[in-house]
Amino acid sequence: MIYAMGIISIVLLSIVLGPFIIPDTLWPQTARDFLQHNGLNDTGASNLVSAIYLGYRAYDTIGETIVLLAAVTGALYLIKSLPMTHTGSMESRPELKGKTTIIGVTTGKLAPVVMLFGWYVMFFGHLSPGGGFQGGVVLASGMLFIALGREGYRGESKLNNQGFHLIEVLSLWFIIVLVCIPLVFGASILENPFTRIDEIMPRVIYVIGFNMAIGLKVASGLTLLGLLMMDMTHD
Amino acid sequence: MINRILVLCLFLLGFYGLMVQKNMVKKVFALSIQNSAVVLLFILEGSRIGSLAPIVTEAQAAYVDPIPQALMLTAIVVGICVTALALALVFRLYKKYETLNIEEIQRKAIDES
Amino acid sequence: MITVLLVFVVIGSAYALFSRDLLHSTIVLSMTSVVSALIFYLLHAPDVAITEAAVGAGLSTVIFLWIIKQTRRSDP
């Protein structure tokens, strides 16, 4: 019964979506020509994708940061109030201690390399592929490596997550400050203020600052989510 | 053109999975697959007009359109937020009704009220 | 080349939706994310490729593995 409804709705949906997707239409080239000529001068970033989401459409980036904050807060509230099923501490299964020591050493030694790569992707996002979001996610993966490595050594060692809450709130304030700073220099908000006063500082300072703020916010939010799910947080 | 038909098949597969599957975790899988299909379609369409990655260098060839790529960065992050929150809700439902089958949950909820 | 990789993605997604073991579904879904990141690189979109690889094969798989551990692993 539900399979028949499924097949009928698939057929109807393909009839509706087919004329939009399948035919060969020309993709407009005006936007690409405009950005190729003016992207570097207007915002100061060589990576044109960074120039778009940090310069021309920075409001969308702030909206996405708020969506990430809402998701992490919602998941934290929904999961924290109920006890999760545990599979027992490490001391009760002594035959697994050897394997977990190997995992602990490997992930513990690999974590700084991953975090260094994440910081590089975040910092140089205006010159090469990368940026705030990418660097933030890689940084979060590095911090989760440390959490995985810890679980192998001692049974019930947990990470203190007060630091991550602090970093998340501080980077939200940093973003708000960065949004309002161009008002001091006479430009509108969210516009790179150093494109008008080119002699004092290089133009990329604003872009780098925005990238770091977004990267720290994304990294701390996703690390909190990961730590909560691995059940490694103090209450 | 065959690429676009395959991406349409991926989207319809996700939609069929969302409608027909009774396990709630499979429904969340289907949402993630649909997100992947939309991102693939945009990047596929935007890459037709050029042949270089959109980073300003000294080369003279035409760049790929950078606007769909910037939009899809946001789309991917919002997709993972939706997945995380949906799975938190699935966790709460499992703790209350002890099953992941959505028809049994419907029956138990009607019996309770 | 891109057509062949897209066929992989479609087959992997179909297996992930219709298999009876949720752990197999999660691993295959992570594989489709990595193949998708390769497709993005071949289409001259390196930013999207880094994001999709890090998110799909990293965070998304961790979240799905957590829910499988807390609930059931098999489908019916």
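The coordinates are above.
In this text, all values refer to a predicted model and were calculated from it rather than measured experimentally.

**Some points on the interface of chain A and chain B**
Where interface size is given, it is often the accessible area lost as the parts come together that is meant.
Phase 1 of the analysis: On the side of chain B, 35 residues touch chain A, which itself brings 39 residues to the contact.
Phase 2 of the analysis: Secondary structure elements with two or more residues in the side of chain A that touches chain B: α1 (2–21), α2 (30–43), α3 (48–56) and α4 (58–80) of chain A.
Phase 3 of the analysis: Tallied by class, residues from the side of chain A that touches chain B come to 24 nonpolar, 10 polar and five charged.

**Concerning the interface of chain B and chain C**
Phase 1 of the analysis: Taken together, the 36 residues of chain B in the interface contact 33 residues of chain C.
Phase 2 of the analysis: No other element matches helix α3 (residues 66–97) of chain B, which puts 11 residues into the side of chain B that touches chain C.
Phase 3 of the analysis: In terms of residue class, the side of chain B that touches chain C is made up of 26 nonpolar, nine polar and one charged.

**Section: helix α2 (residues 24–46) of chain B**
Phase 1 of the analysis: Between its first and last C-alpha atoms α2 of chain B spans 34 Å; for 23 residues at 1.5 Å apiece the expected length is 33 Å, and the two agree.
Phase 2 of the analysis: Across the 23 residues of α2 of chain B, 17 count as buried, placing the element largely inside the fold.

**Digging into helix α2 (residues 22–42) of chain C**
Phase 1 of the analysis: Over its 21 residues, α2 of chain C extends 30 Å from the first C-alpha to the last, a length consistent with the 30 Å expected when each residue adds 1.5 Å.
Phase 2 of the analysis: All buried positions along α2 of chain C are accounted for by L22, S25, T26, L29, T32, S33, S36, A37, I39 and F40 of chain C. All buried residues of α2 of chain C lie within an arc of 155° about the axis, which places them on one face of the element. For α2 of chain C, the exposed residues set more than 90 degrees away from the buried face come down to V34 and L42 of chain C.
Phase 3 of the analysis: Buried residues along α2 of chain C sit in contact with α2 of chain B together with α1 (2–18) and α3 (46–70) of chain C.
Phase 4 of the analysis: Of the residues flanking the end of α2 of chain C, it is H44 of chain C, one or two places downstream, whose phi is positive at about 60°.

**Notes on the packing of α2 of chain B against α2 of chain C**
Phase 1 of the analysis: Where α2 of chain B contacts α2 of chain C, the two axes come as close as 12 Å, and the packing angle between them is 10°. As far as their axial angle goes, α2 of chain C and α2 of chain B are roughly parallel. Together, V25, F29, S36, L40 and I43 of chain B of α2 of chain B and L22, S25, L29, S36, I39 and F40 of chain C of α2 of chain C make up the contact between the two elements.
Phase 2 of the analysis: Each residue belonging to the contact of α2 of chain B with α2 of chain C can be placed in one class, and the counts come to eight nonpolar, three polar and no charged.

Definitions and cut-offs
- Residues numbered from 1 in each chain as written.
- Chains lettered and ligands numbered in written order.
- Predicted model: local features only at pLDDT ≥ 70, side-chain atom pairs only at ≥ 80, totals over all residues.
- Contact = placed C-beta atoms within 7 Å.
- Helix = DSSP H or I, 4+ residues; strand = E, 2+ residues; numbered from the N terminus.
- Nonpolar A, V, L, I, M, F, W, Y, C, P; charged D, E, K, R; others polar.
- Expected span 1.5 Å × (residues − 1).
- Buried ≥ 20, exposed ≤ 12 C-beta atoms within 10 Å, placed from the backbone.
- Arc of directions from axis to C-beta.
- Axes fitted to C-alpha atoms, helices over the stretch in contact; angles between N-to-C directions.
- Parallel < 35°, antiparallel > 145°, perpendicular 65-115°, else oblique.

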